[in-house]
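Overview (structure and organization)
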Amino acid sequence: MSETSSLTDWTRATAARMADALAAGEVTSVELVQAHLDRIAAVDGPVHAFLHIDAEGALETARAVDADRAAGVSLPRLAGVPIGIKDVLVTKGLPTTAGSRILEGWIPPYDATVTRRVREARMPILGKTNMDEFAMGSSTEHSGYGPTHNPWDLSRIPGGSGGGSAAALAAFEAPLTIGSDTGGSIRQPASVTATVGVKPTYGGVSRFGAIALASSLDQLGPCGRTVLDTALLHEVMGGHDEMDATSLDEPVPAVVSAALEGAAMDLTGVKVGVVRELSGADGGYQAGVTQRFEESLARLRDMGAEVVEVSCPSFEYALAAYYVILPSEASSNLAKFDSVRFGLRVERSTVEKTMLATRAEGFGDEVKRRIILGTYALSAGYYDAYYGSAQKVRTLVQRDFDAAFAQCDVLVSPTTPTTPFKIGERIDDPLAMYLNDIATIPANLAGIPGMSLPSGLAPEDGLPVGFQILAPAHEDARLYRIGAALEASLAAEWGGPLSAQAPELEVAQ
Amino acid sequence: MTTMTYEQAMEEFDPVFGIEVHVELNTKTKMFCGCANEFGAEPNTQVCPVCLGLPGAMPVTNQKAVESAIRLGLALGCSIRESSRFARKNYFYPDLSKDYQISQYDEPTCYEGSLDVVLDDGTVVTVAIERAHMEEDAGKNTHVGGSGGIQGADYSLVDYNRGGVPLVEIVTKPITGMGDRTAEVARAYVATIRDIVRGLGISDGRMEQGSVRADVNLSLRPKGVAGESQDDVPFGKRSETKNVNSLRAIERAVRFEASRQASLLLAGKPVVQETRHWHEDTSSTTPGRSKEEAEDYRYFPEPDLLPVEPAREWVEELRGTIPEHPAKMRARLREEWGFSDLEMRDAVAADALDLIASTVAAGTSAQAARKWWMGELSRVANDREVALAALPVTPAGIAELQGLIDSGKINDKLARQALEGVLAGEGSPSEVVASRGLEVVSDDSALEKAVDDALAAQPDVLAKIQDGKVQAAGAIVGAVMKATRGQADAGRVREIILQRAGVEG
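Residues numbered from 1 in each chain as written. Chains lettered and ligands numbered in written order. Predicted model: local features only at pLDDT ≥ 70, side-chain atom pairs only at ≥ 80, totals over all residues.

1. Some thoughts on the overall build of chain A
To keep things clear, this is the line we draw: By definition, any uninterrupted DSSP run of H or I lasting at least four residues is a helix, any uninterrupted run of E lasting at least two residues is a strand, and each is numbered from the N terminus. Both definitions apply: the radius of gyration is a C-alpha atom measure, and the globule rule equals 2.2 Å times residues to the power 0.38. Comment: burial labels come from other C-beta atoms within 10 Å of the residue's own C-beta, placed from the backbone, where a count of 20 or more is buried, 12 or fewer is exposed, and between is partly exposed. Contact criterion: two residues are in contact if their C-beta atoms, reconstructed from the backbone, are within 7 Å.
Helix and strand counts for chain A stand at 17 helices and 11 strands. Here the C-alpha radius of gyration of chain A, 21 Å, is about what a compact globule of 509 residues would show, namely 23 Å. Projecting the C-alpha coordinates of chain A onto the three principal axes gives extents of approximately 70 × 60 × 45 Å. Buried positions account for 63% of the 509 residues belonging to chain A. Restricting the contact set of chain A to residue pairs at least 6 apart, pairs at least 24 apart contribute 76%.

2. Regarding helix H6 (residues 326-337) of chain B
Filter applied, for reference: One fewer than the residue count of a helix, multiplied by 1.5 Å, yields its expected span.
Given a rise of 1.5 Å per residue, 12 residues ought to cover 16 Å, and the 16 Å separating the end C-alpha atoms of H6(B) matches this to within 8%. A positive backbone phi angle near 70 degrees is found at Gly338(B), which sits one or two residues after H6(B).

3. Observations concerning the interface of chain A and chain B
Interface extent is often summarised as the accessible area lost during association of the parts. Applicable threshold: Each residue gets one label: Ala, Val, Leu, Ile, Met, Phe, Trp, Tyr, Cys and Pro are nonpolar, Asp, Glu, Lys and Arg are charged, and the others, such as Gly, are polar.
With 33 residues of chain A in contact, the opposing surface of chain B contributes 26 residues. Of all the secondary structure elements, the ones that give two or more residues to the side of chain A that touches chain B are helix H11 (318-333) and helix H12 (351-362) of chain A. The element contributing the most residues to the side of chain A that touches chain B is H11(A), with 3 residues. Of the residues contributing to the side of chain A that touches chain B, the split by class is 18 nonpolar, 8 polar and 7 charged.

4. Remarks on the domain arrangement of chain B
Residues and elements named next belong to chain B. Worth spelling out the cut-off: An automatic or database domain assignment provides the domain bounds reported here.
Partitioning chain B into domains gives domain 1 (6-307), domain 2 (324-436) and domain 3 (444-501). The centre of domain 2, based on its C-alpha atoms, is set 33 Å off from the matching centre of domain 3. On the side of domain 3, 4 residues touch domain 2, which itself brings 4 residues to the contact. Considering only residue class, the side of domain 2 that touches domain 3 consists of 1 nonpolar, 2 polar and 1 charged.

5. Some thoughts on the nonpolar core
Short version of the rule: Remark: nonpolar core denotes a set of buried Ala, Val, Leu, Ile, Met, Phe, Trp, Tyr and Cys residues whose joining runs through C-beta atoms within 7 Å.
Counting 238 residues, the largest nonpolar core has Ala259(A), Ala186(B) and Val216(B) as its most contacted members. With 10 residues, the top contributor of residues to this core is helix H3 (residues 182-200) of chain B. Setting aside its immediate chain neighbours within four residues, Val216(B) contacts Phe17(B), Ile19(B), Ala186(B), Thr241(B), Val244(B), Ile250(B), Ala253(B) and Val254(B). One finds Ala369(B), Ile398(B), Ala418(B) and Ala450(B) within the second-largest nonpolar core, a separate group that totals 41 residues.

6. So, the confidence of the model for chain B
We apply this condition: One number per residue, pLDDT, summarises how confident the predictor is, and it ranges from 0 to 100.
Residues of chain B with pLDDT of at least 70 account for 98%, and the chain-wide mean is 91. Two numbers describe this predicted complex: its pTM, 0.87, and its ipTM, 0.95.

7. Here's the deal with the packing of helix H13 (residues 444-457) of chain B against helix H16 (residues 490-501) of chain B
Residues and elements named next belong to chain B. Basically, it comes down to this: Between N-to-C directions, angles span 0 to 180 degrees; the directions come from axes that are lines fitted to C-alpha atoms, helices contributing only their stretch in contact. Should an angle fall under 35 degrees it is taken as roughly parallel, and over 145 as roughly antiparallel, whereas 65 to 115 is taken as roughly perpendicular and any remaining angle as oblique. Each helix crossing is assigned a hand: it is left-handed if the near helix lies turned anticlockwise from the far helix by less than a right angle, otherwise right-handed if that turn is clockwise.
Relative orientation of the contacting elements H13 and H16 amounts to 60 degrees, with a least axis distance of 10 Å. One element, H13, and the other, H16, form an angle in the oblique class. Between H13 and H16 the crossing geometry is right-handed. Counted together, Leu447, Glu448, Val451 and Leu455 of H13 and Arg492, Val493, Ile496, Ile497 and Arg500 of H16 form the full contact between these two elements. Residues that form the contact of H13 with H16 fall into these classes: 6 nonpolar, no polar and 3 charged.

8. Describing the packing of H11(A) against helix H14 (residues 384-405) of chain A
When two helices pack together, their arrangement is given by the angle between the helix axes and the distance between those axes. All names here are of chain A. Relative to each other, H11 and H14 sit at 125 degrees, their axes nearing to 9 Å. Taken together, the axes of H11 and H14 are oblique relative to one another. Crossing angle aside, the handedness with which H11 passes H14 is left-handed. Mapping the contact onto sequence places Ala318, Ala321, Val324, Ile325 and Ser328 in H11 and Tyr386, Tyr387, Ala390, Val393, Arg394 and Val397 in H14.

Right, here's the structure in full:
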């Protein structure tokens, strides 16, 4: 490490600052990567955000970027800034498990489109982040490789399924990570770790190479510690891809300029809708969560926004519909894990018995639970009552959103009803676990974009509270404008990003 | 239990049948990925993450396959749905890489059509088509050891080259009232489908390679009581005989199943609703899966693909590309060309209609075109064991060759030599004639000299001709042809001989 950079703890910097420092020659990519590898070595034992570290690969990319920069080659904005990738994305030559034992040791022969775009952006890939098995869960406790711990309190969950990606940010192990959001798997972990996470409009980011949970709900998205960082990564990931038939054929929304605009803290003329059904007005939300939410609303008003209340009555059925559609699609998507072509194989006397034994051993309880639910819901004679009805609810949810967005530019709510709960607290109560996603699920059912960003710590437990912003489809930029404004207003009070206030982790020697 | 013949069965019962035909499309690439769609490559060399069903991979619909499916639907008189969807058919099998097949379920792209089928005696039967939908093919399992079946095999290999190959499945409505012509109608229906897909150019239509495959459903019901409508008699339990892969086998499978079911029914035993396997060697079927064990495929709309929504104008444009019905086209061509029934049947059987038509279009008479393709060229194709169309000569080339004969530049014998050169890759007929020096010698001074030489060698011939034995000239013609290595214009040679004899020809 050089003299100058050793004075700075680069792991604490934002990705935007790192990019500027790289461009200015203040620091090299190798130094940034090494600083993060050192940090991972120091804290990831207890946090367990990563399933796989690719130190050599990351350093190799960093060296190449540094050499090109020295040679005066023009480079992408985030070239040389390290990143962590959720293990749901396939990475050529790097182990990819989706958090499941059934894929232990599998090395994909190809890159996901988003992986390719990250490589094209010349970002060193630090490794693959932990997740609930096949993204089924809200706590990362369902990972086949052990849970991730919340850096704010190691006895608590970091959210899920993308707990690894969120915890890596909160523990300063990576400045940027990639997540996937099927019912809140980006936003809920962001909420409980005081980081920022965005689920883009469905089709805004290619799903090609993302191991599918529920194809009609899944969306990849960017995670960072600030709104601007998240926007920078969004622009790397987004855009049309002919390998994904559901990919939108339109330019990536101008989210970076929206974030910069929002930081000016002027929301004059913006109409913000509070969704009655998601605001905790009917009870069930932790007091500190409601309190921080109300304060954030006041900040939006102070910056010139008009806040109105809207109602989305069919959201009452959203959770139920979601837990029919998701398992149905998942039961089909997970059929391919049959031991024939890749992954675990538990040999038995016939191919049917081998398939059964492999799936019995390779899948965890939550995955089995959802495969059984989905298989049942799609069965002849039950299809109309379950899958058919759920699709109708989905249409109603979309109509509720349409009606709400006719009255306002964005909708807001607390991201989760509570601050992070204790590891083990809800593991035997799937329904209590599912309730975590009550506020995040409607966006997935409707395909609209959503963001979670920090809105403070709950007074009663000192743990992070998240603020959710939802926008109409294709209007991802609105999230960043409003989000950046709120972030700037809060930072002015806190003297910087909330993530900086996370307690110091004990550093391994 | 007495075994009934097909004819006896038809006396006693009223057959109801339906046919599902799978047509493998000949698109360059597979249905949902960019892999080559070619028959016969080394196992697992035409595969990618998508058709191998690797984690994360996603399908993208091949628009050319959609076009082929719509054209086929239009040729079958189907309506084309403005918005149709793909669906997943879920079942576990090693040759099905994703353990679901992307197919179409409640919203097929082509539906409600009808097809006229012409039987050998000219009778026209109209078959109602329920649907024609797109789907992907599965891979192929090979069981090693034991009897070659999955039971008792030492191990099994899977080749995914065929996995993801585009198929169109055509399903008929139940066909009733055919009586003892059932087997014939079944065969003629499949033959017509084969001819249509070939005519459209959307499939090789080669049953022996599996590019057209048929499943035959058949049931028997009692013949109704006089005065009551047969339509009111409920259908019997049906069998579904899978993978009947030749026209002859279609007919035989229908006959076998009718006899088998009739024998059971007459013995008071039930027919089991089941799938059955066809055995070409014994011309019989054996039970497969029974309906009680039938799988629940848990169909649901494929979320990775957008609906198929062909623009109306495009569909109308495609409608303009549909060739006429094969039977109607044959009747018209037979008339235009003046072929006998036998000549026409042979040309159809040899798959030569298009070649003859193109040759005729290039200016050759129909009979001359037929003689080339059904004679010399069929012989060469047979020797080389290739299809006529695969020979390295075009209809235009044959038309050029025939033009050289018609203009007297070459004779039939030289034309065969020229063709040999063309097939050997020496160039066009004119080029081969020039390079091999095959042109007929009609230069009188050269011919006169050759005739005089021949007459000198056979001095008695002139006298014979002058005595009225004009046929004696043949010996001199032969000698001149030999001397000129066949390049003399035989007619002109004969004229010169007669002149020398002082006789008019």
